Amino acid sequence: MEAWQKELAASLVKPAALEEHFGVELPGLEAVSSRYPMRIPPYYLELMEGPGDPLWRQAVPDFAELSEPQGLSDPLGEDDLSPVPALIHRYADRVVLLVSGACALYCRFCTRKRRVGTETMDCSNSQIDAAIEYIATTPAVRDVILSGGDPLLLEDHRLESILSRLRAVDHVEMIRIGSRVPVTLPSRITPELCRMLSRFHPLYLNTHFNHPAELTPESAAACALLADSGIVLGNQTVLLRGVNDHPEIMRRLNVGLLRMRVRPYYLHQMDLACGTAHFRTPIATGLSIMEALRGPTSGLALPHYVIDLPGGLGKVELLPEQRRGSGEAVEVRSPAGLWVSYPDIGS
Ligand SMILES: *Cc1c(COP(=O)(O)O)cnc(C)c1O
Ligand code: SF4
């Protein structure tokens with residue numbers, strides 16, 4: 001076993017272990033973690049200060065996950081956009097390839113929380129083979145995004161096999177990897193991994209920092225290794241109530257990312273996934289955060305604030321003029337120019 005695999009194996013997976021670690025009582029959380037799995041690697045555990053802090057909220061199960069009647073199990077309509085199970089094809093020229101069902105840490109706000117870390121996330125070799133075959137026979141696809149789950153939880157040789165088969169397809173011009181391990185398990189970013197990855201340029205990696213407390217020397221070193229290998233680094237943040245829904249936190253996060261050679265890419269409005277309502281903020285919150293950053297902060301530090309519309313209608317950049325109405329009666333203009341009603345929450 002490599003060092004990162006040993007570290008992953010030492011993760012806390014039961015709320016009872018958290019009670020012991022922090023000396024607090026967390027009665028009944030097993031009911032949540034048996035539905036939506038929990039995993040917290042030792043590295044991230046050490047960054048958590050205690051109940052309710054912004055890292056705790058991202059990582060520790062919460063009763064609110066079970067008490068939501070109206071969330072969507074497939075908020076982005078991804079199941080209908082899957083020509084084969086391991087692939088999502090929504091935009092003509094790019095696809096999402098689901099290569100791993102597991103993550104180092106199971107984020108409580110995950111869009112795919114109905115699937116990640118459970119048996120329903122089947123990323124077996126045969127599923128991946130079928131998806132690569134689809135890509136190879138679909139000439140419009142020039143951009144392949146490896147996702148899951150977390151692609152960097154695959155062992156180097158499995159990842160290498162997927163990358164080299166994709167690279168063998170003439171029309172695949174670029175590959176992106178979406179991974180949260182620089183944030184949750186930075187020891188996974190080894191020099192050997194980076195050497196292997198650097199054979200598959202142009203390669204982009206979008207990671208997922210949500211709070212300045214996640215910008216540590218360890219995560220900075222992981223990002224430096226990746227950047228030194230020529231991988232272009234971006235960051236996708238989810239706007240989360242009680243975690244980062246404040247302009248000053250967002251400013252520190254985004255300028256801190258630039259210092260680590262990571263370019264802020266998207267700020268996602270928390271979508272309508274079932275079991276995540278307690279994280280949702282009004283759209284007005286995101287708009288006012290963006291307004292507070294624009295001007296006072298380097299333009300490079302500004303992500304695009306986007307909303308992924310339900311039913312597979314796609315991502316829209318949320319500019320003030322893309323939204324009309326207020327309170328709960330909000331409409332958002334879809335990429336096709338239609339006004340779509342969106343269940344915003346009042347501010
Ligand atoms: C977000 C997303 C992409 C990538 O979109 P970009 O705006 O190019 O980053 C591709 N496919 C699906 C299904 C997506 O949700
Ligand atoms: S790392 Fe990404 S896919 Fe995995 S649980 Fe977190 S948000 Fe979901």
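Residues numbered from 1 in each chain as written. Chains lettered and ligands numbered in written order. Predicted model: local features only at pLDDT ≥ 70, side-chain atom pairs only at ≥ 80, totals over all residues. Heavy atoms only, no water.

### A few points about the state of the cysteines
Summed over all chains, the structure comprises zero disulfides. The closest cysteine sulfur to the non-disulfide-bonded Cys123 is located on Cys103, 9.9 Å from its own sulfur. Since its relative accessible area comes to 12%, Cys123 is described here as buried. Free cysteine Cys223: the closest other cysteine sulfur is in Cys194, separated by 10 Å. (Disulfide = S-S within 2.5 Å. Buried < 20%, exposed > 50% of the residue type's maximum accessible area, 1.4 Å probe, protein only.)

### Observations regarding empty space enclosed by the protein
Taken as a whole, this structure holds one cavity of 30 Å³ or more when the rule is applied. By volume, the largest cavity is sized at about 50 Å³. Across the lining of the largest cavity, the residue classes tally to five nonpolar, no polar and two charged. (1 Å grid on protein atoms, 1.4 Å probe; cavity = no way out; pocket = protein on both sides within 12 Å on 5 of 7 lines; lining within 4 Å. Points joined across faces, edges and corners; volume = space filled by probe spheres on them. Nonpolar A, V, L, I, M, F, W, Y, C, P; charged D, E, K, R; others polar.)

### Considerations on helix α6 (residues 125-136)
The first and last C-alpha atoms of α6 sit 16 Å apart over 12 residues, in line with the 16 Å expected at 1.5 Å per residue. Restricting attention to buried positions, one finds in α6 the residues Gln127, Ile128, Ala131, Ile132 and Ile135. The buried residues of α6 occupy an angular sector of 135° when projected down its axis, which confines them to one face. On its buried side, α6 packs onto β1 (87-91), β2 (94-100), β3 (143-148) and α7 (156-167). (Helix = DSSP H or I, 4+ residues; strand = E, 2+ residues; numbered from the N terminus. Expected span 1.5 Å × (residues − 1). Arc of directions from axis to C-beta. Contact = heavy atoms within 4.5 Å.)

### Describing the environment of Gln58
Counting through the fold element by element, Gln58 comes out in helix α5 (residues 54-59). Spatially, the C-alpha atom of Gln58 lies 30 Å from that of Ser229, the residues being 171 residues apart in sequence. Ignoring any residue separated from it by four or fewer positions in sequence, one finds Gln58 in contact with Tyr44, Leu105, Tyr106, Cys107, Arg108, Phe109, Arg180, Asn210, His211, Glu214, Leu240 and Val243. A polar contact of 3.0 Å, which involves the side chain of Gln58, links it to the side chain of Glu214. (Polar contact = N/O pair within 3.5 Å; in protein donor to acceptor, adjacent residues only side chain to side chain.)

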